[in-house]
Amino acid sequence: MQPIARDMIRVTALTRTYGSFNALDAVDLSVAQGEFVTLLGPSGSGKSTLLNLISGMIEPTSGKIEIDGRDATNQPTNQRGLGMVFQNYALMPHMTVFENVAFPLQVRKVPKSEIETRVRDVLRLIQLEHVADRKPKQLSGGQQQRISLARCIVYRPSIILMDEPLGALDKKLREDMQLEIKRLHAELGITMIYVTHDQEEALAMSDRIVLMRKGRIEQQGRPEELYFRPDTLFTADFLGSSNLLMGTIDVSARTLQTAYGNLPLPATRPGEPKSGDGVLMIRPESVRLFSETAPETWSGLQATVRDSIVLGSFVRHFLELPGGKRVIVQEPSGASLSRPERGSTVRVAWGPQDARLLRTDPDFQNL
Amino acid sequence: MSETKPYLDRWAGLALLLPMAALLAIFFVYPLARTVWQSFYEYGFTLRAYETLLSSTLFWKVLKTTFAISFTATIVALLAGYPVALHLSRLPPQRRMPYLVMVMLPFWTSILVKSFALIVLLGYDGIVNNALSFVFGSPIHIPMVFNRVGAILGMVNYLLPFMILSILSSLLTQDVNLGRAAEVMGASRFTIFRRITLPLSMPGVLAGVLISFTLSIGMYITPALLGGRQDMMMANLIDFYTRQTLDWPLASAIAVVLLLVSGVLVAMLGQVRGAGGMKEMAR
Ligand SMILES: Nc1ncnc2c1ncn2[C@@H]1O[C@H](COP(=O)(O)OP(=O)(O)OP(=O)(O)O)[C@@H](O)[C@H]1O
Ligand SMILES: [Mg+2]
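Thresholds, definitions, all that
Residues numbered from 1 in each chain as written. Chains lettered and ligands numbered in written order. Predicted model: local features only at pLDDT ≥ 70, side-chain atom pairs only at ≥ 80, totals over all residues. Heavy atoms only, no water. Helix = DSSP H or I, 4+ residues; strand = E, 2+ residues; numbered from the N terminus. Buried < 20%, exposed > 50% of the residue type's maximum accessible area, 1.4 Å probe, protein only. Contact = heavy atoms within 4.5 Å. Areas by Shrake-Rupley, 256 points an atom, 1.4 Å probe, with all protein chains shown as cover. Near = heavy atom within 4 Å. Polar contact = N/O pair within 3.5 Å; in protein donor to acceptor, adjacent residues only side chain to side chain. Buried area = accessible area lost by both parts, 1.4 Å probe. Salt bridge = Lys/Arg side-chain N within 4 Å of Asp/Glu carboxyl O. Domains from an automatic or database assignment. Phe/Tyr/Trp six-rings, centres within 6.5 Å; stacked < 30°, edge-to-face > 60°. Lys NZ or Arg CZ within 6 Å of the ring centre and 35° of its normal. Core = buried A, V, L, I, M, F, W, Y, C linked by side-chain atoms within 4.5 Å. UniProt positions renumbered as here; feature names shortened; annotations may be inferred. Expected span 1.5 Å × (residues − 1). Arc of directions from axis to C-beta. Pairing = 2+ DSSP bridges. Axes fitted to C-alpha atoms, helices over the stretch in contact; angles between N-to-C directions. 1 Å grid on protein atoms, 1.4 Å probe; cavity = no way out; pocket = protein on both sides within 12 Å on 5 of 7 lines; lining within 4 Å. Points joined across faces, edges and corners; volume = space filled by probe spheres on them. Nonpolar A, V, L, I, M, F, W, Y, C, P; charged D, E, K, R; others polar.

1. Let's talk about the overall build of chain B
Next, step 1: Within chain B, the regular secondary structure consists of 13 helices and 0 strands.
Next, step 2: Counted from the first residue to the last, chain B has its helices and strands arranged as α-α-α-α-α-α-α-α-α-α-α-α-α.
Next, step 3: Across its three principal axes, chain B shows a C-alpha extent of roughly 75 × 75 × 30 Å.
Next, step 4: Looking at chain B residue by residue over its 283 residues, the buried ones come to 41%.
Next, step 5: Within chain B, contacts between residues at least 6 apart in sequence are counted, and of these 72% link residues at least 24 apart.
Next, step 6: Put simply, chain B shows about 16500 Å² of open surface, and 72% of that area lies on carbon and sulfur atoms.

2. Considering the site of ligand 1
Residues and elements named next belong to chain A.
Next, step 1: As a matter of local geometry, ligand 1 sits amid 13 residues, with S43, G44, K47, S48 and T49 nearest to it.
Next, step 2: Measuring from an oxygen atom of ligand 1, one finds a backbone N or O atom of S45 at 3.2 Å.
Next, step 3: E164 is positioned with one of its side-chain polar atoms (N or O) 3.4 Å from an oxygen atom of ligand 1.
Next, step 4: Relative to its unbound accessible surface of 630 Å², ligand 1 loses 59% to contact with the protein.
Next, step 5: The element best represented in the shell around ligand 1 is helix 1 (residues 47-55), accounting for 3 residues.

3. Re the interface of chain B and chain A
Next, step 1: Taken together, the contacts link 21 residues of chain B with 22 residues of chain A.
Next, step 2: A per-residue breakdown of the area chain B buries against chain A is headed by B:V184, B:M185 and B:R195, which together make up 39% of the total.
Next, step 3: Taken together, the connections running from chain B to chain A amount to 0 salt bridges.
Next, step 4: Taken together, chain B and chain A are joined by 6 residue pairs in polar contact (both at pLDDT 80 or more).

4. So, the domain arrangement of chain A
Interface size, as often reported, equals the accessible area lost upon joining of the parts.
Residues and elements named next belong to chain A.
Next, step 1: What the domain assignment reports for chain A is domain 1 (7-228) and domain 2 (240-358).
Next, step 2: Between the C-alpha centres of domain 1 and domain 2 the distance comes to 40 Å.
Next, step 3: Taken residue by residue, the interface counts 4 residues in domain 1 and 4 residues in domain 2.
Next, step 4: Regarding the contact of domain 1 and domain 2, the summed buried area is about 410 Å², with carbon and sulfur atoms giving 40% of it.
Next, step 5: It is Q199, Y227 and F228 that lose the most area in domain 1 upon contact with domain 2, and together they represent 96% of the buried surface on that side.

5. Quick look at the packing of aromatic side chains
Two measures describe an aromatic ring pair: the distance that separates the ring centres and the angle between the ring planes.
Next, step 1: Counted according to the given criterion, the structure contains 12 aromatic pairs over all chains.
Next, step 2: Between A:F234 and A:F238 the ring centres are 5.8 Å apart and the planes differ by 20 degrees, which places this aromatic pair in the stacked class. Here the residue A:F234 and the residue A:F238 both occupy positions in helix 8 (residues 233-238), the gap between them amounting to 4 residues, near one helical turn.
Next, step 3: Take A:F234: its relative accessible area is 9%, and that puts it in the buried class.
Next, step 4: With a relative accessible area of 17%, A:F238 lands in the buried category.
Next, step 5: One aromatic cluster is present, formed by B:F40, B:F45 and B:Y50 through successive ring pairs.
Next, step 6: Here A:K182 stacks its cationic end above the ring of A:F36, 5.9 Å away from the centre of that ring.
Next, step 7: Across the ring face of B:W11, the terminal group of B:R10 is positioned such that the distance to the ring centre comes to 5.8 Å.

6. Some words on the nonpolar core
Next, step 1: One finds A:L50, A:I147, A:I181 and B:I196 to be the most contacted residues of the largest nonpolar core, which totals 77 residues.
Next, step 2: Element by element, the count of residues in this core is highest for helix 2 (residues 97-107) of chain A, at 7 residues.
Next, step 3: Not counting residues within four places of it along the chain, the set of residues in contact with A:I147 comprises A:L91, A:V97, A:V101, A:L123, A:I126, A:L128, A:V131 and A:L139.
Next, step 4: One finds B:V62, B:I211, B:L237 and B:L265 within the second-largest nonpolar core, a separate group that totals 25 residues.

7. Observations regarding the UniProt feature "transmembrane region" (unreviewed entry) in chain B
Next, step 1: Feature annotation in UniProt assigns "transmembrane region" (unreviewed entry) to the following positions: residues 12-33, 67-88, 100-124, 144-168, 204-228 and 248-269 of chain B.
Next, step 2: Taken as a whole, residues 12-33 of chain B contains 100% helix and 0% strand, while its terminal C-alpha atoms sit 29 Å from one another.

8. Concerning the environment of B:R48
Residues and elements named next belong to chain B.
Next, step 1: Relative to the helices and strands, R48 is located in helix 2 (residues 48-54).
Next, step 2: Relative accessible area serves as the criterion here: at 27%, R48 is assigned to the partly exposed category.
Next, step 3: When neighbours within four sequence positions are excluded, R48 is seen to be in contact with E42, D247 and P249.

9. Structural notes on helix 3 (residues 112-125) of chain A
Residues and elements named next belong to chain A.
Next, step 1: When the terminal C-alpha atoms of helix 3 are compared, their 20 Å separation across 14 residues agrees well with the 20 Å that a helix rising 1.5 Å per residue should span.
Next, step 2: Buried residues of helix 3: I115, R118, V119, V122 and L123, and no others. Seen from one end, helix 3 has its buried residues packed into an arc of 130 degrees, which puts them on one side.

10. Describing the pattern of salt bridges
Residues and elements named next belong to chain A.
Next, step 1: Per the counting criterion, the structure on display carries 30 salt bridges over all chains.
Next, step 2: Its salt-bridge partner being E66, residue R10 comes within 3.7 Å of it at the nearest N-O pair. Taken together, the positions of R10 in strand 1 (residues 7-18) and E66 in strand 4 (residues 62-67) put the pair 56 residues apart, joining distant regions of the chain.
Next, step 3: The partly exposed category is assigned to R10, whose relative accessible area is 35%.
Next, step 4: For E66, a relative accessible area of 14% puts it in the buried group.
Next, step 5: Across the pair E114 and R118 runs a salt bridge, and its minimum N-O distance is 3.1 Å. Highlighted residues: E114 and R118, both in helix 3, separated by 4 residues, approximately one helical turn.
Next, step 6: Taking relative accessible area as the criterion, R118 reaches 13% and is therefore assigned buried.

11. Re the sheet that holds strand 20 (residues 355-358) of chain A
Residue and element names in this part refer to chain A.
Next, step 1: The antiparallel open sheet is built from 5 strands, whose spatial order is 13-12-11-14-20. Of all strands in the sheet, those with a lone pairing partner are strand 13 (261-264) and strand 20, marking the two edges. Within this sheet the neighbouring strands show an average axis-to-axis angle of 40 degrees, counted without direction.
Next, step 2: Where strand 11 (residues 243-250) and strand 12 (residues 255-258) come together, 3 bridges link them in antiparallel fashion. Across the sheet, I249 pairs through a bridge with L256, a residue of strand 12.

12. So, the layout of surface pockets
Residue and element names in this part refer to chain B.
Next, step 1: In this structure, the largest pocket encloses a volume near 960 Å³.
Next, step 2: In terms of lining residues, the largest pocket is bounded by 26 residues, among which R90, V176, G179, R180 and E183 are the most central.
Next, step 3: Those elements giving two or more residues to the lining of the largest pocket turn out to be helix 3 (57-90), helix 7 (148-172), helix 8 (176-184) and helix 9 (189-217).
Next, step 4: By residue class, the composition of the lining of the largest pocket is 13 nonpolar, 7 polar and 6 charged.

13. Notes on the UniProt feature "domain: ABC transporter" (unreviewed entry) in chain A
Next, step 1: Taking the UniProt record as the reference, the feature "domain: ABC transporter" (unreviewed entry) is found at residues 9-239 of chain A.
Next, step 2: Helix makes up 36% of residues 9-239 of chain A and strand 26%. Its end C-alpha atoms lie 26 Å apart.

Structure, rendered in structure tokens:
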């Protein structure tokens, strides 16, 4: 990876309103050359709106869009020099695969002989040379999406936008295509902005995830950053599963007073709540089970085992704290695994630095 | 096919169809059969009507006129209707509605009323000529009715809703993302129209043309009221033989010829809408 690359895309205070509703609300975002950035978020969070503003298919209410250093805010879509892949492939039904891939080159007035070789090359790259003369309808969904990728990379745009490109494919095919897209990204060094609402896809593919919520960026960072160091309850909840314990911050003792006891807090960090209510977030894989006593510095709670399921390489324990609060623990599994008995009492514990103190959020009331 | 049990059993279904079938049989099939019969029967089977017809210069002249006028009217309706359909297809559905009503309005207006309205508009001292006179400051009387121009304009007026609706329906089945994808790839609006929108709308264009042409060759009142003496069409010729010369077998024979031509056109229309039809192309 290059240490510092220039920004291919920079949007500043970008806003799009519909009536009085902010579909996108003063968003700032930069994407470096060669970076794979994923816009992740629930339905209606503004992912497509942001992507379509960048492509020029919708006009911003206010704010600025720069592409490769140029101000593109008011530039027509067809002059932005971007590539885009759609969820429904958007292949021209009346053209053959070859004609579809040749189309952007014809638009660019590339000489005929060069079109021929470039189309063949790119079809070879995605291993679909043999379907060149077919119509899109005669291809499977996965093949169609690969053709639509080919149609994009054939004219070598420096940026490719993808709006849920794998949304219409089944799970197995989706995973194959994820690898294919990653491979093309690595081989061609194209900057990619990828929209999905599938967190696993985002974690698997991205250099950086931009998590969106209600038209704003909630948090952005490398996948592991977002996963292990969420800044908000929303991020913690959206990515993976988490154990959330609500309580009141005791500033002098540096503990969180909860219904299950006083839990020690991790070292302070910027942006954490200083007093009042707080939520302690611990990932299931950071929690350990102990039949007797836990290490002294660890936080520990008494819990009852409700269920224990083996999911191949790891095992998940579903526990209950006194009062009914559910806790999930995830451990690596192995041949010598001994599962705790259902109904037995255990101690769950975690290292204080594995916990994270978060602000309460009106959208997450019943923890 | 799904295995769901039909709501009505076979006999109940047939029973419900019976009144409609009877109505069609009495008022459509029987007169049609009568007409065909009449064209071959004059005190016994004869081909006299057809022989007279094929050797009549009037018949061939009228046939030529009919095709020429119908063809021109269809092309004019296509050229005038396509841009309207294109514009309508790009409006958001709520805004499209009032315009669609305006397109449909002529459907619900008597053809007689429309013809007289056109005379008022296009006549010697009609609104259009008056407006032109006013603009240019000298009396202008462009002859636009009681000639071929009038017949064609009247027919176009009648055909436009059919043309617009069939083109619109095929434009609306096009995936909007196709145009967007092409735009991102750098295509201009004109290129998108020429390479994507237009070719994908061809089934609708073809359907509109066939419907319009089929309707045109059977037109009667419009050419009679708005056309000139030279613009007699097939239907007017039938009228001439039934009421002026009282040669009913001959009139029937013309009707049969007209029926055959329409039948062929309707069969072609079925082809356009069927196998290689709009839905297939748009997918
Ligand atoms: N043309 C429009 N008119 C009114 N509201 C709109 C319009 N387009 C989008 N919105 C609203 O803007 C918000 C953001 O929409 P957007 O399509 O960006 O969501 P998204 O994050 O892509 O969601 P999804 O995952 O469902 O695709 C939504 O609440 C949507 O209802
Ligand atoms: Mg979307």
